[in-house]
Structure formats: C-alpha cells, structure tokens
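Residues per chain are reported as follows:
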Amino acid sequence: MSRYWSDIVHRLVPYVPGEQPALAKPVKLNTNENPYPPSLRVLDAIRAELGETAESLRRYPDPVAKRLCAAVAAHHGIRADQVFVGNGSDEVLAHAFQALLKHDKPILFPDITYSFYPTYARLYGVDYCTVPVDAQFAIRVDDYLPENGATGATGATNGGVIFPNPNAPTGHALPLSEIERVVAGNADSVVIVDEAYVDFGAQSAIALIDRYPNLLVVHTTSKSRSLAGMRVGFAFGHADLIEALNRVKDSFNSYPLDRLAQAAATAAYEDTEWLETTRKRVMESRARLTASLAALGFEVVPSAANFVFAKHPAHDAAQISAKLREKEIFVRYFNAPRVNQHLRISIGTDDECDTLIEALKTIVG
Ligand SMILES: *Cc1c(COP(=O)(O)O)cnc(C)c1O
C-alpha cells in the first residue's frame, strides 16, 4: 500500500503463476510446460537470426511479425489478416478483454477456469458473472445461451463469453458441435475460445472462424510447441476482430515480439512432424499417468490436455502437495472453492511421472 498508488492498483488481485523453483533438477509438474525440448529447427532459426555478431538485434523487430503470421496462417489454412500475434497468449487475452469484451453488460465464464480471466476483468473494469460447471466439471452449453436467460442478473444478453477448450485446470473438453452452439447462440457478443491445450486432444474452433464473425480463437506456443520461455501467442478470427486487437496493441507496445521469438515461433510452426510426435508422446504418458494415479485410489478427471486434475478421497490435497514439495516434486494446488481437494499435475516425461508415482505411494499408499 502506498499513497502513490492509483485507485485501481489498490483494488487489483494479481494472478499468481506457478512456482519456478531455483533447484538443479526439480520434478516440475506445476505449470503445464512441455517436458520435451522444442524442434531443433527452433535452435537453428535463433542462431541464424543472431548470425556471427548479433548484428540484427541493433534494429527493431517487425512490428506485425509478418513472416510468422504467414507461417501460422498457412499451418491452419486461413488468411494472414485472420491472425493476431502477441507476447504470449496472456497478452493476447488481455488485449481481447480491453478491445472486445469491455461493454456495458457482464461477460460470462465458468466458475472453475483459468484464474487470469477475473484478474483481467478487474484490471480493465469488465463486469462478469461466473457460470457453474457441473459436478463432473463439464461446461454446460445451455447455461451460456441468452435464449435460456443465461446472464446472471441483467437481462437476456451478455457482454461476451470466454472459456478455455479444453478447460483449465480440469482438462475437460467440449466437442466442436457444442462450441458452435455457444458461438451461434451469442451472435450479439464476442465468444473467445482459449485453446492453449487444444493440440493434446480437443477439436479446434478455427474451423468456424469463416462462418462466425463473433468468434475469436486464442492459441499459444507455450504448451504444445515447448516455447513457454519465448512468449508467443495468437488470436484467430474475423479481420474486424483482429483489427480491434491491433488497435489496442499499437496503443500499448508496437513491438511485442522480439526478433528471436519471431524466428523461433516461425520455425516451430514449420515443423509439423515434431508437433505430431511430441503431442502423441504426451498423450500416451497422460494415459499411463492416469492409470497409475487411479491404481493409487485417485479420482482423475478425463483430460484432453497436457495435465490431469485428480483428487484422493482419503488424503488432503494441500498436504499431498506440501509433502511432494519436500521431495522437490512440484504440482499445482488451488485453494479455491470446489477444487481445493484437487491437484493439477502436468504431464512430464515417463521418468518424471514414475518419480511422482513412487513418491505418492509413500504419501497415500
Ligand atoms: C498457459 C495458458 C495460457 C497462457 O499461455 P502463454 O501463451 O504462455 O501466456 C492461456 N490460457 C490458458 C488456459 C493457459 O493454461
């Protein structure tokens, strides 16, 4: 607290990211990073960008990352004017809150979801209502349709809708037909589908952007492409929505992506073989870890993401997490209503998952 702070800073409740422990070899299953290194083409691209003398760093990067946007558009079979790029998808989401969700009605998102959404809503003064997921943590699409009065307190419409698919931290995914019902049923507001984890087993709503001018799909290179350290995220949608994001971006930071990030992400999108191999490995490890957790008595939510959400009926989640931490094994615990007996466990290598399971045997076994 300080008398120099603005009013809004007094009121902010910042997002708390997962711990990045300063240990030599932690078993780090707490922030959904990919356990494998990025495509080797990424390393080559960064070296090529730097050259012998790093001469290129003297100059500002391309403010709109044209080459990267072209590579990503080609990968998804869309046009470059349907692509926005930002410094991590968190920045893309922040711009979307300001550019597309800030209206006079409350926006809707699930009660159990990415905890950055309420943070951005408070930062930008966006009113919101949370919509409960069902007892199995599934998003109920009917609850988002204005025709069913889905709005909280204020009438028959909302100021926008945002949710991840697959949802975080549950891993629960909706099929494309259900996503389409939300988008089609909210033609008067923007629907944002945050697909941070889509490559690990869900269907992408990018297939719908040509037909629905109110749909924005958000992607990141942090999870499935192993580039969390590079900070590159995207939004895909109608050119008018993309222009809105660019207007906010150019009122904030004209150069959100540095030269190395642009080179790295472009190379990552050009290596589809790497993506296919890696995501399959992660999905196989997910099945293996799910079975091992179930054998120890954990209830595991079926996951389409690179993490699982699990609870043990006889052991307190906070205590399990603390005991794992003593063994330098990190998982994510959220002390929040409805989920404070669950742990979110990122899918590591099979060796890391085995280390976790051995530790859990001594804790709950
Ligand atoms: C990880 C994550 C992001 C943010 O990813 P960055 O691109 O690294 O900022 C966005 N949404 C969800 C749901 C996430 O889990």
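Quick caveat, the model's predicted, so the values are computed rather than measured. (Residues numbered from 1 in each chain as written. Predicted model: local features only at pLDDT ≥ 70, side-chain atom pairs only at ≥ 80, totals over all residues. Heavy atoms only, no water.)

As far as domains go, the chain holds domain 1 (7-38 + 273-364) and domain 2 (40-271). Every contact between the two is made by 33 residues of domain 1 and, on the other side, 37 residues of domain 2. Together domain 1 and domain 2 conceal approximately 2700 Å² of surface at their shared face, both sides included; 62% is due to carbon and sulfur atoms. Taken together, the connections running from domain 1 to domain 2 amount to one salt bridge. The closest approach of N and O atoms between aspartate 111 and arginine 338, which form a salt bridge, is 2.8 Å. Going through the elements one at a time, α1 (7-11), α9 (272-295), β10 (307-311) and β12 (342-346) are the ones with two or more residues in the side of domain 1 that touches domain 2. Looking at which element gives the most residues to the side of domain 1 that touches domain 2, the answer is α9, with seven residues. Looking at the side of domain 1 that touches domain 2, its residues break down into 20 nonpolar, six polar and seven charged. (Domains from an automatic or database assignment. Contact = heavy atoms within 4.5 Å. Buried area = accessible area lost by both parts, 1.4 Å probe. Salt bridge = Lys/Arg side-chain N within 4 Å of Asp/Glu carboxyl O. Helix = DSSP H or I, 4+ residues; strand = E, 2+ residues; numbered from the N terminus. Nonpolar A, V, L, I, M, F, W, Y, C, P; charged D, E, K, R; others polar.)

A word on the pattern of salt bridges. By the definition in use, this model includes 20 salt bridges. In this structure, the salt-bridge partner of arginine 247 is glutamate 243, at a minimum N-O distance of 3.9 Å. You can see arginine 247 and its partner glutamate 243 sitting in helix α7 (residues 239-249), four residues apart, about one turn around the helix. Classification of arginine 247 as exposed rests on a relative accessible area of 58%. When the shortest N-O distance is used, the salt bridge between arginine 279 and glutamate 276 registers 3.2 Å. (Buried < 20%, exposed > 50% of the residue type's maximum accessible area, 1.4 Å probe, protein only.)

What follows covers the packing of aromatic side chains. Tallied over the entire structure, the rule returns 15 aromatic pairs. Taken together, the ring pairs connect Tyr15, Phe97, Phe109, Tyr114, Phe116, Tyr117, Tyr120 and Tyr128 into an aromatic cluster. Directly above the ring of tyrosine 269 sits arginine 225, whose terminal nitrogen or CZ lies 3.8 Å from the centroid. Above the plane of the ring of phenylalanine 307 lies arginine 344, whose end atom (NZ or CZ) is 5.8 Å from the centre. (Phe/Tyr/Trp six-rings, centres within 6.5 Å; stacked < 30°, edge-to-face > 60°. Lys NZ or Arg CZ within 6 Å of the ring centre and 35° of its normal.)

Turning our eyes to something else, we now look at the sheet that holds strand β9 (residues 299-300). Taken together, the five strands give an open sheet; going across it, the order is β1-β11-β12-β10-β9, and neighbouring strands pair in mixed fashion. Looking at the sheet topology across the chains shown, the edges are occupied by β1 (27-29) and β9. Note: β1 against strand β11 (residues 329-333), three bridges, orientation parallel. Bridging from a neighbouring strand, lysine 28 pairs with phenylalanine 330 of β11. (Pairing = 2+ DSSP bridges.)

On to the nonpolar core. Within the largest apolar cluster, 53 residues are counted, with the highest numbers of intra-cluster contacts made by Leu68, Phe163, Leu215, Val232, Phe234 and Phe236. By residue number, the principal contributor to this core is helix α8 (residues 259-270), which donates seven residues. Looking at this core, you find at least three residues from each of domain 1 (7-38 + 273-364) and domain 2 (40-271). Among all residues touching leucine 215, those that are not within four sequence positions of it are Val183, Val191, Val193, Ala205, Leu208, Ile209, Phe236, Gly237, His238 and Leu241. Core analysis: the next-biggest nonpolar cluster, separate from the first, contains 31 residues, Val27, Val282, Leu324 and Ile329 among them. (Core = buried A, V, L, I, M, F, W, Y, C linked by side-chain atoms within 4.5 Å.)

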